[in-house]
Amino acid sequence: MIGRSACVSACAGANRSRGRWVGWLALLALLALMAATGLTAQGDGASPVDIDEVMCALCHFEQGDEFVTSIHYQKGLLLCDDCHGGDPFAVQLETAKAPETGFIGKPRREDIAAICGRCHTGPARFFAQGPHRDWENDDNPTCITCHHNHRVFDATLALMEESCVRCHVSDSEPASGGVAIRSRLEGSAAHLARVAMDLDRLRVIDPKLDRVVPMLKAARSTLREADPITHALNLELIEETLEAVGSELAVVEERLVESVQDRQRRRWAVLGVWLFVAVNVFFLWAKRRQLD
Amino acid sequence: MKWHPITAVREWLEVRFELEPVFRLLRENLTKPVPPHVNWLFTLGSVLAALLAVQLFTGVLLMISYKPSGQEAFQSVQHITYDVPLGWLIRSAHNWGSHVIVVLALLHLARVVVYGGYKKPRELTWGVGVALLAVILGFGFTGYLLPWDQVAYWGTVVATEAPASIPVVGPLTREFMIGGTEVADPTLGRFYVVHVILLPLALLSLVGLHLLLIRYHGISPLSGTDQPEPGSEEILRRGGRPFLPHHVLKDSAAIYVAIGALMSLALLAPPHLGEMADPLVTPLGIKPEWYFLPAYQLLKYVPEVVGVQVPPLVLVLLLLLPFLFDRSPHRHPRRRLRVLGALGAAAAVIGLLGLLGHLSDTRQTLLGKTYDFDVLGRPHLVEAAEVGGDPPQAEEGRGAGGSP
């Protein structure tokens, strides 16, 4: 019996030890999986590559310093090779700039719109329809004139006004056009924000408004469609999209007004309920008094 | 003699059936006097019964449009909320009713404990009452899943994981409960059947038995169990009043007020419906209904295998209260201060666990200072600079607003 129990306990010990190894292996596998997921996710807007690993930045440190502040880097979207070609991780200069890596060095002025347009297809298409469409001409701006080449920030409406006056006198027709587009877009964005705030406030007490949320989302994505159109610098073109946003928001606002009216009706209903309760309780009380 | 419809029906029945003994029994029991100490607190049971009837009524109305399958449940609740005329109000009344009933059941239980109503000869009435509390909690547990939104789904996943930790029978119990290894379509089917058939049958039988026993024994006096209980005439002489019509009028007034309160809640704060259940996306801050929070929080402090057995144990201890813990002949609260103190302390611990469960994993501002409550409910002061940041886990629930 003793031998058997010793064997059982030894086997159990062995099992426990094997179990521990399996546990460690599972943990290692999990860590490896996490690391692998992290690596593959880099190109999909996840964590950026450490700039110290990018060999280009060793010599082009000024560009590297600017690039780390950009939205392209911070969202882990791009590295040097995406615009310049080459191999940013190669230690040897010859390998880094080898022709087979597609190294082009500094892009030519006429190629800039095409390079940016690889990802930003909408803005590139509308830019080609606008007054600055002859970007090969030195008098006209290219993408990087307004958005910068390495220090690319998230585009805002303020950028439009800042950029126009760099070349145009502030009260000139082109600069005023930029201001008009900006204020129109800002107006729509503010309108959307106001409606979103009202919806948030009213949704707490009216679950029926949950159904309005997709409508607001639709209006928001329509407004987003206006972003690339701004590159055509044509108010009429943007107007069409903003009118669509306006009518989508009007439907949402209509539902909000209905909700406010419904809320008022519900308040009256509560008052009615309590009047009914009060009358009945009074009669019950009177009956009780009568009995006593 | 003036014609009256009730008298006419009664006469019609009496000619055909031997009903006089039944009517006499009913009359005798319904007119039994209630003792003079019976106050408004003694209307809680009637209010509870009335609200359970409201739940049955609204539940039947919801069943007309509800579809108990993983593919259709969420859409059918959306249909009830958005399309069915007054569907939102019926759903809201049913939802709020479930909360109000638990509150009233606990208050009713507390009232019986304070007045020693569970003592001889009413131990069985008490036992049936405790069983009714379990049924009410069962309604809450099974009904929580039925909207089939994210909170419902993941709340049920968390709640059904705990029983699996019971040695030997645990995994099998869980599998039997949810109809497989994961909460899915079969779980919804099972919970639905339990919610709309088995529990209502149990509820109706137990409520019937409870009422029968209450009328049979009458309302408990304040005198000790070692003295003979006063008869009807004695109660009337001491200032008692007949149950019908005197106390029934009081009950009716309380029922009106309770239904008024329920309708106000249903009208002014209807419940939200979250996103449709998605077994692949776990939302943050999932918590059970407030009345399961003490059990939920307890599982964080003690091994799961122990914690999961505590709630049923509490119900068993409640059942055994008149047999094991409060065996003195006294009913008057002033003569049972030790027992009441111990029970009060136990209730305070349960309440504290519930509060910690509510606060855990949230950020709260108290007296002008902001605290992050960790998973165990411990507060951590948040520096002013960090206040704008995200809390450890954003609380998401059916009531959470916020446009995307």
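Criteria and thresholds
- Residues numbered from 1 in each chain as written.
- Chains lettered and ligands numbered in written order.
- Predicted model: local features only at pLDDT ≥ 70, side-chain atom pairs only at ≥ 80, totals over all residues.
- Heavy atoms only, no water.
- Phe/Tyr/Trp six-rings, centres within 6.5 Å; stacked < 30°, edge-to-face > 60°.
- Buried < 20%, exposed > 50% of the residue type's maximum accessible area, 1.4 Å probe, protein only.
- Lys NZ or Arg CZ within 6 Å of the ring centre and 35° of its normal.
- Contact = heavy atoms within 4.5 Å.
- Buried area = accessible area lost by both parts, 1.4 Å probe.
- Salt bridge = Lys/Arg side-chain N within 4 Å of Asp/Glu carboxyl O.
- Helix = DSSP H or I, 4+ residues; strand = E, 2+ residues; numbered from the N terminus.

Undergrad: Would you mind going over the packing of aromatic side chains in detail, with residue names and values included?
TA: All chains considered together, the criterion is met by 14 aromatic pairs over all chains. On the basis of an interplanar angle of 70° and a centroid distance of 5.8 Å, the ring pair of F282(A) and F283(A) is categorised as edge-to-face. Assessed through its relative accessible area of 47%, F282(A) is described here as partly exposed. Ring pairing ties together the aromatic residues F141(B), F191(B), W290(B), Y291(B) and F292(B), which thus form one cluster. Lying over the aromatic face of W40(B), K250(B) brings its terminal NZ or CZ to 5.4 Å of the ring centre.

Undergrad: Can you break down the interface of chain A and chain B residue by residue, with the values?
TA: Taken together, the 29 residues of chain A in the interface contact 28 residues of chain B. Roughly 2,700 Å² of surface becomes buried between chain A and chain B when both sides are summed, with 65% attributable to carbon and sulfur atoms. On the chain A side of the contact with chain B, R211(A), L284(A) and R288(A) bury the most area, a combined 21% of that side's loss. Along the contact surface separating chain A from chain B lie one salt bridge. The partner of R211(A) in a salt bridge is D83(B), and the shortest N-O contact between them spans 3.4 Å. By residue number, the principal contributor to the side of chain A that touches chain B is helix α13 (residues 235-291) of chain A, which donates 14 residues.

Undergrad: So what's going on with the side chain of T142(A)? Residues and values would help.
TA: Position of T142(A) among the secondary structure elements: in the loop between α8 (121-127) and α9 (143-147). Residues within four places of T142(A) in sequence aside, it is in contact with R109(A), I112(A), F127(A) and W135(A).

Undergrad: Kindly report on the environment of V207(B), identifying the contributing residues and their values.
TA: Summarising the element assignment, V207(B) is placed in helix α9 (residues 185-217). Once residues lying within four places of it in the same chain are set aside, the contact partners of V207(B) are L52(B) and L132(B).

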